[in-house]
Amino acid sequence: MATEREPSAYDELRGEGWTRLLAAARRRLERTGGALDGDIGLTAPSEAERRTVIGITGRYRPETVKRLAVPLRDLDGYLYDRYGTGLLQTLGRLHGPLRDRPAERADEQARREQALKSAHASRLAGQGWFAAWLERIAADGTLTRLVRRGDAALLDAAVRVLERLTGDGGRIPGHAVGALPLPVLAEWATGDTKALVPGTPLEQLVLRGLARRTGDSAVVPRDRVGRRALWDSAGVIADDLASQVLVLNIGAEGDTVVCDWLRDAADFGIPFRLTLHQLATGPVVPAARTIYVCENPAVLRAAAGELQDTGAALVCTEGVPSAACHRLLGAAVRAGARLHWRADFDWAGLRITTDAVARHGARPWRMTAADYTTALGEGESTPLAGPPAASPWDPQLALAMEESGSAVMEERLLSVLLSDLTRT
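The sections below set out a description of the structure shown in this document. The structure displayed is predicted, hence computed values, not measured ones. (Residues numbered from 1 in each chain as written. Predicted model: local features only at pLDDT ≥ 70, side-chain atom pairs only at ≥ 80, totals over all residues. Heavy atoms only, no water.)

Some points on unusual backbone geometry
Look at N249: it is not a glycine, yet its phi comes out positive at around 60°. Residue position: N249 is located in the loop between β5 (244-248) and α12 (257-267). Backbone geometry at R366 places phi at a positive 55°, although glycine is not the residue there. Along the chain, the position of R366 falls in the loop between β10 (363-364) and α17 (369-376). The class for R366 is partly exposed, based on a relative accessible area of 30%. (Helix = DSSP H or I, 4+ residues; strand = E, 2+ residues; numbered from the N terminus. Buried < 20%, exposed > 50% of the residue type's maximum accessible area, 1.4 Å probe, protein only.)

Encoded structure:
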């Protein structure tokens, strides 16, 4: 019986005749959990490899052989007789312990299932967008990559963030909905203020969820403006200078520089763009008690050009309302203002208007089924895109849109909108 040898005695096994053979044996054993069953093979063997296999098996192989097969048990027995260590121990001494891939796969699957189980326990689990978000993360390899990196806890953190941003996770002390700085949100969720900066895994997970929630697309925008808009849609301040709102004839009550700017702009009928940073420097309360809200800058531009300072107060959301927009309009409503709100006749527009009704008590403005049908007949329209949305203030509107399958941008209603904005 051979005695176990020192590591230097394995030098022969590092030669040409053994390198590929032992590598193939290692791959096979790691794949099968160390089972010494079956054969390993070498294609197009070199002369040194042919001689090695003959020595292991005791069977002659001609020089013309194209493939050599070696039973693992023969290799195990040969190494034990010659070196005093079997195949598993020899491979461990040469190149470190073997991996047990079946056990690793089972452990990985268990960690995947645990992460999903925890996520499905969320209060959001019954919502379609949340279920679709989780399903995609599990199917496209994202969850597997998180588990393999030891970052499965990020899924729980993303769920907590989404719960917080959809009103189901409680409020962060000292921060109201619609005025939450991104670093504060990151600190609350993970203890790391930089966990949600652009490019981090947690940021990507959360934005994928918000993209599902808005319903416009399941894809996270690549550009900074698009990503910031997603944060804005959830009331998160990603950049208080970049978060802006476009206004006309708003005026303001208060003794601050920003209020002076708003009053001057209103006096001359000049469109004015406010940043969230400006709104946060001091109290800014809009003076107007009736405020109209549109989605597209073209409407505000036309109002400024045709009505100037004789038109009603108008705010433009420029798509999904920003944190700055919500802050300004929230202050107006608390001061007693009434909002008349409209958006494009598309699914995103219905969601924007529904949120405005719920958040600010806004009244839909020219957003009825009759308005849609009239506008639809006045020109060509693009197809509706994305998942359908409801119109609780006029259920017939969503039905009419679904039936026609066409979107109508609010610019088509420009003449009637300007008529509404004319002060009487």
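Moving on from the model shown.
A short note on the side chain of T144
Structurally, T144 is set in helix α7 (residues 142-148). T144 sits in the buried class, given a relative accessible area of 15%. Apart from residues lying up to four places away in sequence, T144 is in contact with E108 and R112. (Contact = heavy atoms within 4.5 Å.)

Re the pairing of strand β8 (residues 313-316)
The side-chain alternation of β8 yields two buried faces, one formed by A313 and V315 and the other by L314 and C316. Bridge count between β5 and β8: three bridges; the pairing is antiparallel. Bridged to L248 within β8 is L314. (Pairing = 2+ DSSP bridges.)

A short note on the packing of aromatic side chains
The relation between two aromatic rings is expressed through the spacing of the ring centres and the mutual angle of the planes. Counted by the stated rule, this structure contains seven aromatic pairs. Taking the centre distance of 4.7 Å and the plane angle of 65° together, the rings of Y292 and W365 count as edge-to-face. Residue Y292 is found in strand β7 (residues 290-294), and its partner W365 is found in the loop between β10 and α17; the two are separated by 73 residues along the sequence. Comparing Y292 with W365 shows no difference in burial state: the two are buried. Through successive ring pairs, a cluster of aromatic residues spans W129, F130 and W133. For R342, the ring lying beneath its charged end belongs to F345, and the centroid distance is 5.1 Å. (Phe/Tyr/Trp six-rings, centres within 6.5 Å; stacked < 30°, edge-to-face > 60°. Lys NZ or Arg CZ within 6 Å of the ring centre and 35° of its normal.)

With respect to the sheet that holds β5
A sheet is described by the order of its strands in space; here six strands give the open sequence β6-β5-β8-β7-β9-β10, paired in mixed fashion. Because the sheet does not close on itself, it has two edges, and the strands there are β6 (272-275) and β10. As judged from the four bridges shared by β5 and β6, these two strands associate in the antiparallel manner. When the sheet's bridge partners are listed, Q244 is paired in β6 with T275. Each of β5 and β6 touches α12; the most contacted strand, β6, lies at about 160° to it. Helix α16 (residues 347-360) rests against β9 (338-341) and β10 of the sheet, and its axis sits at about 170° to β9. (Axes fitted to C-alpha atoms, helices over the stretch in contact; angles between N-to-C directions.)

Details of helix α14 (residues 297-306)
Listed as buried for α14 are V299, L300, A302, A303 and A304. Residue Q308 follows α14 closely and has a positive phi angle near 50°.

Considerations on the packing of helix α1 (residues 16-32) against helix α4 (residues 87-95)
Running from amino to carboxyl end, α1 crosses α4 at an angle of 110°, the nearest separation of the two axes being 11 Å. One finds that α1 runs roughly perpendicular with respect to α4. As α1 packs across α4, the resulting crossing turns out to be left-handed. Contacts between α1 and α4 involve L22, A25, R26 and L29 from the former and L87, L88, L91, L94 and H95 from the latter. Residues that form the contact of α1 with α4 fall into these classes: seven nonpolar, one polar and one charged. (Parallel < 35°, antiparallel > 145°, perpendicular 65-115°, else oblique. Left-handed = near helix turned anticlockwise from the far one by under 90°. Nonpolar A, V, L, I, M, F, W, Y, C, P; charged D, E, K, R; others polar.)

Comments concerning the pattern of salt bridges
Going through the model one piece at a time under the given rule, you end up with 23 salt bridges. In this structure, E30 engages R26 in a salt bridge whose closest nitrogen and oxygen atoms are separated by 3.5 Å. With E30 and R26 both in helix α1, this residue pair falls four residues apart, about one helical turn. Note on E30: relative accessible area 8%, which makes it buried. A salt bridge links E253 to R289, with the nearest nitrogen and oxygen atoms 3.1 Å apart. Of this pair, E253 sits in the loop between β5 and α12 while R289 sits in the loop between α13 (276-280) and β7; the two residues are 36 residues apart in sequence, bridging distant segments of the chain. (Salt bridge = Lys/Arg side-chain N within 4 Å of Asp/Glu carboxyl O.)

Some words on the nonpolar core
The biggest cluster of nonpolar side chains holds 37 residues, and the ones touching the most others in it are W133, L165, L185, V206, L210 and W231. Among the secondary structure elements, those contributing two or more residues to this core are α5 (101-120), α6 (128-139), α7, α8 (153-165), α9 (182-190), α10 (201-214) and α11 (224-233). Sort the elements by how many residues they give to this core and α8 lands first, with seven residues. (Core = buried A, V, L, I, M, F, W, Y, C linked by side-chain atoms within 4.5 Å.)

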